[in-house]
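The residues making up each chain are set out below.
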Amino acid sequence: MSSIAEQHTAENQEELFHFDHHHTDYEGAKLGVWLFLFTELVLFGGMFLALFAYGTGEYATDFHAAGKNLNVFKGAGNTLVLLTSSLTMVYAITALQKGSKFWSLVHIAITIILAMTFMVIKYFEWSAKFEHHLFPAKIGFLEAKYGQSDLKRAYSAEFAESGMSLAEFNKVKVDVNGNPMPDGVTAEEAKKYTHHRYTRGQVIFFGMYFTMTGLHGFHVLIGVALLLWMFWGVLRETITAENFGYLENVGLYWHLVDLIWIYLFPLFYLVA
Amino acid sequence: MSYAVNKPYYEDQAVVLADIYETMAEAGKTNKFFNFLAWLHTWVLSTDHKRIGILYLISMLAFFAVGISLGFTIRLELLWPGEQFISATVYNSVFTLHGVIMIFLFVIPGIPAVFGNFFLPIHIGAADVQFPRLNLASWYMFMGGALMAAMSLFVGYGANGVEWVAPDGGWTFYAPYSTTANTNVSMAVFAAFILGFSSIFTGLNFVTTIHRMRHPKQKWMQMPLFVWALYGTAWIQVLATPVIGITLALIIVERAFGIGIFDATLGGDPVLYQHMFWIYSHPAVYVMVIPGMGVVSEIIATFSQRTIFGYTSMVLSMIGIAFVGYFVWAHHMFTSGMSEASVAIFSFLTFFVAVPTAVKVFNWLATLYKGSIQLDPPMIWGLSFVFLFSIGGFTGLALGMVNTDIHVHDTYYVVGHFHYTMFGGGGVAIIAALHYWFPKMFGRMYNFTVAHVGWGFFFVGFNTLYGSMLIVGLQGMPRRYHDYLPQFTDLHQIGTVGAVIMITGLIITFGNLLIALFGGDKAEQNPWGGKTLEWEECPTPPVLINFYKKPRLDHGPYDYEGEWV
């Protein structure tokens, strides 16, 4: 970017002098947005770093086993939804550049609808996890609704002593206190044993899963707010074919949201 | 891709204002820009970079005073062994808040947000920064985070709802204590999170400004070194601060939801927290010091009336420090449990940072050589920076060496070392910058004799206080302890006496500036004979768009001897 900036400065030295270009410097605005996107990448990068530190070390097998609990179908569907929304975002910008306010609005609207679709699918995905007692240990209202979280205790010592494979270990039904279901219980009694056992690595996997997809979902919601703002701007014609810097920069942000999901999807859903 | 450029309102405005100013100047009327008694909204709603810089200056110095009070509380408590007047719990909160306030509210925003905001656009011949509204928003974030940090001292209640629990555990907020403690950690951590974003947006603004708004005749290697320092700092702020953002956010998430990432009972790893924390916080050390180096480069060149020695090596060493600074974080963790290979690599890289730092120190000395040195207050403070920071650097080498580090880790030696670098470096550079640019910023000149006396008290007190810490640390006094063995009494008492002397010096120094602010003599356009744009082209005090007309730039920033740089 420095080279672009330098080139630009060299080409129109006089024109680009500060008094003349201030507040209309689209290149500068874009540079600022790119820098902001770098910070977003580093923000998520910190979490990816933690994920790699855990997922490639002693918890590698745990991560593989835990990944099997995630619904690849829903994850892939969400990937498709977000990728499509990136496409419609590009259409929205191109339409505006070509002077069609109507098609720009249509495509912004589709992008918003797709973003909300992503969140709806996410809602069903998370709800399914909660019903299986999979949610971070300290969330009171979920505990009140679904009972104690299975992630509240990590059964590493028991796993080491059990002599079972990780898959077998995970299948053992336990009660809320972690006691395995004894043989020969009646069907009525067996209902108490609806919990599962997870090793430490799997607890971390789900902790990271909820944190990272949660933070990503938060970014999607911010994106929706920005897109609504863009819709309003195009409608009111403050964002036009001659002045589309805002729309383009929101588009950059939206692609970043998409890009981060492109990394989250394989690292969580396909790791199994 | 082509952009249609609208004719901005700003262009017309600038032309009109320039006309007005020129008329004003011809008529000999004074510039009312720095009317301190102006309506409040002309300050807190202003997007002018100079006013924002001064807002930062006022808030930063206010928090500096709070930080000093907390630090002095620590010194009084340590006057004798045993409990004097605050309990161990309160002591923990006091040193935690001392650290949080001094680091996040004083040293980090000190030079970039105050003097960077004020002088970066002037140094590059621009009218303002690239994103003036974002600039003001950064200040609001800063104040929001700052007030939250201050409030966290008073509003926290423990599980029983009665007991008062201010945040503790040190400014580093190490897990697992921070993730499990029954104190008001979340609020202090969230404050630091917000302050981090304020810092990011300032950095983002500066990088863009330097890329896009330089005077057409000012090429990269003709920028003043202060601008280069801000550029390196801004990149660190942009690329490192998000890591502390996410790390602190994870502490809050861990405390609120129990995800287990730093909790060993759930499979997490507390050492991971230390890694993620220092990946930001070590580069942040250079955020505190590099701008100071930029300031001192300006001061030393101006006050010895010499072209800065080795401009290119100055630039490269600054960028080198910023770059290598990313790869040394784990030297804070030699005793935390790492492989021997990692320890050796991080130890080596730590020594490596000393090389560009030494390049700068030798360049400063070479600049002084054969110069006509003028020992005015800014120069005295600037030279103290070099002296004190060198002591900080040398004591740091002992800490970078694994063998000695294991001996002195978490002792007062470390406390002495980082006060020499952070306060003797960053803090002294802030005071030096304040003395250097005070006449330009406020159009008033302060009393030199009083300034020298204040400096004398400060310098003696500083070395007494932190020098005694180095010694008591080598003797084995652990840091952050509320109590100590009787054999350390003498050195602790010497330290407290040093603190009294140092604070006296600071009161004299800032009192002198405060008196000058309202009653000082009118300052000249260029009292020090500087060669950068703020002295040669910008009126004193600066006008709204900085220059009466497009600034002339026909020589380099250090053109004392007919050279371009």
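### Comments concerning the overall build of chain B
Phase 1: Along its length, chain B carries 17 helices and 2 strands.
Phase 2: Taken against the 2.2 N^0.38 rule, which gives 24 Å for 565 residues, the C-alpha radius of gyration of chain B at 24 Å falls within 12% of a compact globule.
Phase 3: Across its three principal axes, chain B shows a C-alpha extent of roughly 70 × 55 × 45 Å.
Phase 4: Counting the 565 residues in chain B, one finds 55% classified as buried.
Phase 5: Expressed as a percentage of contacts within chain B between residues at least 6 apart in sequence, the contacts between residues at least 24 apart total 83%.

### Some words on the overall build of chain A
Phase 1: From N to C terminus, chain A includes 12 helices and 0 strands.
Phase 2: Here chain A has a C-alpha radius of gyration of 24 Å; the compact-globule value for 272 residues is 19 Å, and the former is much larger.
Phase 3: Across its three principal directions, the C-alpha atoms of chain A cover 85 × 35 × 30 Å.
Phase 4: Per-residue burial over chain A gives 37% buried out of 272 residues.
Phase 5: Nonlocal contacts in chain A, meaning residues at least 24 apart in sequence, comprise 70% of its contacts between residues at least 6 apart.

### Quick look at the packing of helix α5 (residues 72-97) of chain A against helix α12 (residues 245-268) of chain A
Residues and elements named next belong to chain A.
Phase 1: Here α5 crosses α12 at 165 degrees, and the two axes come no closer than 10 Å. Relative to α12, α5 is oriented roughly antiparallel. By crossing handedness, the relation of α5 to α12 is classed as left-handed. Contacts between α5 and α12 involve G75, T79, L82, L83, S86, M89, V90, A92, I93 and L96 from the first element and L247, E248, G251, W254, H255, D258, W261 and F265 from the second.
Phase 2: Its residues assigned to classes, the contact of α5 with α12 comprises 11 nonpolar, 5 polar and 2 charged.

### Thoughts on the environment of W43 of chain B
Residue and element names in this part refer to chain B.
Phase 1: With respect to the secondary-structure elements, W43 resides in helix α2 (residues 41-44).
Phase 2: Residue classification places W43 among the partly exposed positions, given that 16 C-beta atoms sit within 10 Å.
Phase 3: W43 sits 178 residues away from M221 along the chain, and the two C-alpha atoms are 35 Å apart.

### Comments concerning unusual backbone geometry
Residues and elements named next belong to chain B.
Phase 1: Omega for the bond connecting A175 with P176 falls within 30 degrees of zero, at 0 degrees, which places this linkage in the cis form.
Phase 2: Mapped onto the secondary structure, P176 falls in the loop between α5 (132-151) and α6 (177-180).
Phase 3: Residue P541 is bonded to the preceding T540 through a cis peptide linkage, with omega at -15 degrees.
Phase 4: Relative to the elements of secondary structure, P541 occurs in the segment after α17 (533-536).
Phase 5: The phi angle at F173 is positive, at roughly 50 degrees, despite the residue not being glycine.
Phase 6: Within the secondary structure, F173 sits in the loop between α5 and α6.
Phase 7: Owing to 25 C-beta atoms within 10 Å, F173 belongs among the buried residues under this scheme.

### Considering the domain arrangement of chain A
Residues and elements named next belong to chain A.
Phase 1: Domain annotation of chain A identifies domain 1 (26-143 + 200-268) and domain 2 (155-197).
Phase 2: The C-alpha-based centres of domain 1 and domain 2 are spaced at 36 Å.
Phase 3: Residue-level contacts link 5 residues of domain 1 with 5 residues of domain 2.
Phase 4: Per-element tally for the side of domain 1 that touches domain 2: the top contributor is helix α4 (residues 60-67), with 3 residues.
Phase 5: Partitioned by chemical class, the residues of the side of domain 1 that touches domain 2 number 1 nonpolar, 2 polar and 2 charged.

### Overview of helix α11 (residues 340-368) of chain B
Residues and elements named next belong to chain B.
Phase 1: Across its 29 residues, α11 extends 43 Å between first and last C-alpha, which sits within 8% of the 42 Å expected from 1.5 Å per residue.
Phase 2: F346, S347, T350, V353, P356, T357, K360, N363, W364 and T367 are the residues of α11 that are buried.
Phase 3: K370 sits one or two positions beyond α11 and adopts a positive phi of about 65 degrees.

### Topic: the packing of helix α12 (residues 377-400) of chain B against helix α14 (residues 412-442) of chain B
Residue and element names in this part refer to chain B.
Phase 1: It is the contact of α12 with α14, at a shortest axis distance of 8 Å, that shows an interaxial angle of 160 degrees. Comparing their axes, α14 and α12 come out roughly antiparallel. In this structure, α12 meets α14 at a crossing whose hand is left-handed.
Phase 2: In the contact of α12 with α14, the residues fall into 15 nonpolar, 11 polar and no charged.

### So, helix α11 (residues 200-236) of chain A
Phase 1: With 37 residues, α11 of chain A ought to run about 54 Å at 1.5 Å a step, and its terminal C-alpha atoms sit 54 Å apart, in line with that.
Phase 2: A positive backbone phi angle near 65 degrees is found at E237 of chain A, which sits one or two residues after α11 of chain A.

### Brief notes about the nonpolar core
Phase 1: Among the nonpolar cores identified, the biggest contains 233 residues, and I101, V295, A432 and A433 of chain B are the most heavily contacted of them.
Phase 2: Residue contributions to this core reach at least three from each of two domains, namely domain 1 (26-143 + 200-268) and domain 2 (155-197) of chain A.
Phase 3: Non-local contacts of I101 of chain B, meaning those with residues more than four positions away in its chain, are made with F63, V66, G67, L70, F106 and A149 of chain B.

### Focus: the confidence of the model for chain A
Phase 1: Mean pLDDT for chain A: 87, with 91% of residues reaching 70 or above.
Phase 2: Residue range residues 1-23 of chain A is modelled with pLDDT below 50. Its contacts to residues more than four positions away, or to other chains, number 31 contacts.

### Notes on the environment of P167 of chain B
Phase 1: Within the secondary structure, P167 of chain B sits in the loop between α5 and α6.
Phase 2: Separated by 115 residues in sequence, P167 of chain B and I52 of chain B place their C-alpha atoms 30 Å apart.

### Structural notes on the confidence of the model for chain B
Residue and element names in this part refer to chain B.
Phase 1: Residues with a pLDDT of 70 or more make up 91% of chain B, whose mean pLDDT is 89.
Phase 2: Confidence scores differ between elements of chain B, with helix α1 (residues 9-27) showing the lowest mean pLDDT of 54 and helix α15 (residues 448-474) the highest of 97.
Phase 3: Low pLDDT (under 50) marks residues 1-13, which in the prediction has 12 contacts with non-local residues, meaning those over four places away or in another chain.

### Let's talk about the environment of P377 of chain B
All names here are of chain B.
Phase 1: Considering the arrangement of structural elements, one finds P377 in helix α12.
Phase 2: Owing to 25 C-beta atoms within 10 Å, P377 belongs among the buried residues under this scheme.
Phase 3: For P377 and E561, which are 184 residues apart along the polypeptide, the C-alpha to C-alpha distance reads 24 Å.
Phase 4: In this structure P377 touches H435, F448, A451, H452 and W455, once residues within four positions along its chain are discounted.

Cut-offs and rules
Residues numbered from 1 in each chain as written. Chains lettered and ligands numbered in written order. Predicted model: local features only at pLDDT ≥ 70, side-chain atom pairs only at ≥ 80, totals over all residues. Helix = DSSP H or I, 4+ residues; strand = E, 2+ residues; numbered from the N terminus. Rg over C-alpha atoms; globule rule 2.2 N^0.38 Å. Buried ≥ 20, exposed ≤ 12 C-beta atoms within 10 Å, placed from the backbone. Contact = placed C-beta atoms within 7 Å. Axes fitted to C-alpha atoms, helices over the stretch in contact; angles between N-to-C directions. Parallel < 35°, antiparallel > 145°, perpendicular 65-115°, else oblique. Left-handed = near helix turned anticlockwise from the far one by under 90°. Nonpolar A, V, L, I, M, F, W, Y, C, P; charged D, E, K, R; others polar. Domains from an automatic or database assignment. Expected span 1.5 Å × (residues − 1). Core = buried A, V, L, I, M, F, W, Y, C linked by C-beta atoms within 7 Å. pLDDT = per-residue confidence, 0-100.

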